[in-house]
Amino acid sequence: MDTDATLTGWTLWMRAQGLSERTIGERTGTMRQVLTHAHTDPLTLAAADILAFLARPLSASTRATYHASIRAFCAWMQRTGRRADNPADRTPRPRRPKSRPRPIEASQLHALLATANRRRTRAYVLLGALAGLRVHEIAKVRGDDIDPYTHVLTVVGKGGKVAQVPLHDDLVALAATMPTTGWWFPSYAVDREHVSSTAVSQAVSDAMRRAGFEGKPHQLRHFYGTELVRAGVNLRIVQTLMRHESPATTAIYTKVDFDQLRAGIAALPHAA
């Protein structure tokens, strides 16, 4: 079986599902790794090949993500009649570890902004920390996405979902210095219109190291959710601002600190 032709067919299927190009790229990339590792093709991929791929030294979350992509591919193969069996059904489903909030602290944000040595990098940080944007959303910001009268940003998020987020005053000030139409962060490469999410992630990670701490850009989004909760914003509003379908997902991003815990305890009535 022609692997390239098969993956092209799966790509069309996923696009018809409405999956994002980022998700499609990650899934097809995973399957290329699996097939290369097993020295096989989609038609002869066996459960043992999948097990060998997943048994390598991997983080628990990475293993779970890989297995989800493999399951989706094998189910598609079976559903479309390319295979009669589904080898993924004969493999255990890895446990996905429960995520915990990992916000940076306000002091770290100040240090990060102070050491962001490029105007573009500073803008990346502000969009992550004060609008909760993911790196691929930051990369695609356009001047046209911001209403100049209401200062509301239209965001196309995961799965192509469109949402509107009011801008923080610092982002309103930033927008006044940026193009009102077209990409805010055009690519330096001739084959791309806007900067890649990888470039955004690398720039922020490098700035974090210069600021004296190790971190990941997604921690800016955790900061956004956590600070909203610390400010007393209703969790339902936080969920909407973070563009989550479930409040359980919002809880992953919002850390409750000891001052909030003590305030909660202080609200209990006295026993005597």
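This text gives an overview of the structure that appears in the document. (Residues numbered from 1 in each chain as written. Predicted model: local features only at pLDDT ≥ 70, side-chain atom pairs only at ≥ 80, totals over all residues. Heavy atoms only, no water.)

### A closer look at helix 10 (residues 218-230)
Point 1. Its 13 residues place the ends of helix 10 19 Å apart at the C-alpha level, agreeing with the 18 Å of an ideal helix rising 1.5 Å per residue.
Point 2. Burial within helix 10 is extensive, with ten of its 13 residues counted as buried.
Point 3. Buried within helix 10 we find Gln-219, Leu-220, Arg-221, His-222, Phe-223, Tyr-224, Gly-225, Thr-226, Leu-228 and Val-229. (Helix = DSSP H or I, 4+ residues; strand = E, 2+ residues; numbered from the N terminus. Expected span 1.5 Å × (residues − 1). Buried < 20%, exposed > 50% of the residue type's maximum accessible area, 1.4 Å probe, protein only.)

### Some thoughts on the pattern of salt bridges
Point 1. Inspection of every chain in the model, using the stated rule, returns eleven salt bridges.
Point 2. For Arg-134, the salt bridge is made with Glu-137, and the minimal N-O distance between the two is 2.6 Å. In terms of burial, Arg-134 and Glu-137 fall into one category: buried.
Point 3. The network of salt bridges with common partners includes Arg-83, Asp-85 and Arg-90. (Salt bridge = Lys/Arg side-chain N within 4 Å of Asp/Glu carboxyl O.)

### Here we look at the nonpolar core
Point 1. Residues Trp-184, Phe-185 and Leu-220 are the most contacted members of the largest nonpolar core, which totals 43 residues.
Point 2. Where this core is concerned, the elements lending two or more residues are helix 5 (106-115), helix 6 (119-131), helix 7 (135-139), strand 1 (152-156), helix 8 (169-175), helix 9 (197-210), helix 10 and helix 11 (235-242).
Point 3. In terms of residues, this core owes the most to one element, helix 6, which gives eight residues.
Point 4. Aside from chain neighbours lying at most four places away, what touches Leu-220 is Ile-104, Leu-109, Leu-112, Val-125, Gly-128, Ala-129, Val-204 and Met-208.
Point 5. In terms of nonpolar packing, the next biggest core, distinct from the first, is built from 18 residues, Leu-7, Phe-73, Trp-76 and Met-77 among them. (Core = buried A, V, L, I, M, F, W, Y, C linked by side-chain atoms within 4.5 Å. Contact = heavy atoms within 4.5 Å.)

### Remarks on helix 11
Because an α-helix completes one turn every 3.6 residues, residues spaced three or four positions apart along the sequence face the same direction.
Point 1. Burial in helix 11 covers these residues: Val-238, Gln-239, Leu-241 and Met-242. Projected down its long axis, helix 11 carries its buried residues within an arc of 165°, all on one side.
Point 2. The opening residue of helix 11 is Asn-234, an N-cap whose side-chain oxygen sits 2.7 Å from the backbone nitrogen of Arg-236.
Point 3. Arg-243 sits one or two positions beyond helix 11 and adopts a positive phi of about 65°. (Arc of directions from axis to C-beta. Polar contact = N/O pair within 3.5 Å; in protein donor to acceptor, adjacent residues only side chain to side chain.)

### Observations concerning the pairing of strand 2 (residues 162-166)
Point 1. Burial along strand 2 is one-sided: Ala-163 and Val-165 are buried, and none of Val-162, Gln-164 and Pro-166, which face the opposite way, are.
Point 2. Taken together, the five bridges between strand 1 and strand 2 define a ladder with antiparallel strand orientation. Bridge assignment links Leu-153 to a residue of strand 2, and that residue is Val-165.
Point 3. The antiparallel hairpin formed by strand 1 and strand 2 contains five residues in its connecting segment, where Gly-159 sits at a positive phi of about 70°. (Pairing = 2+ DSSP bridges.)

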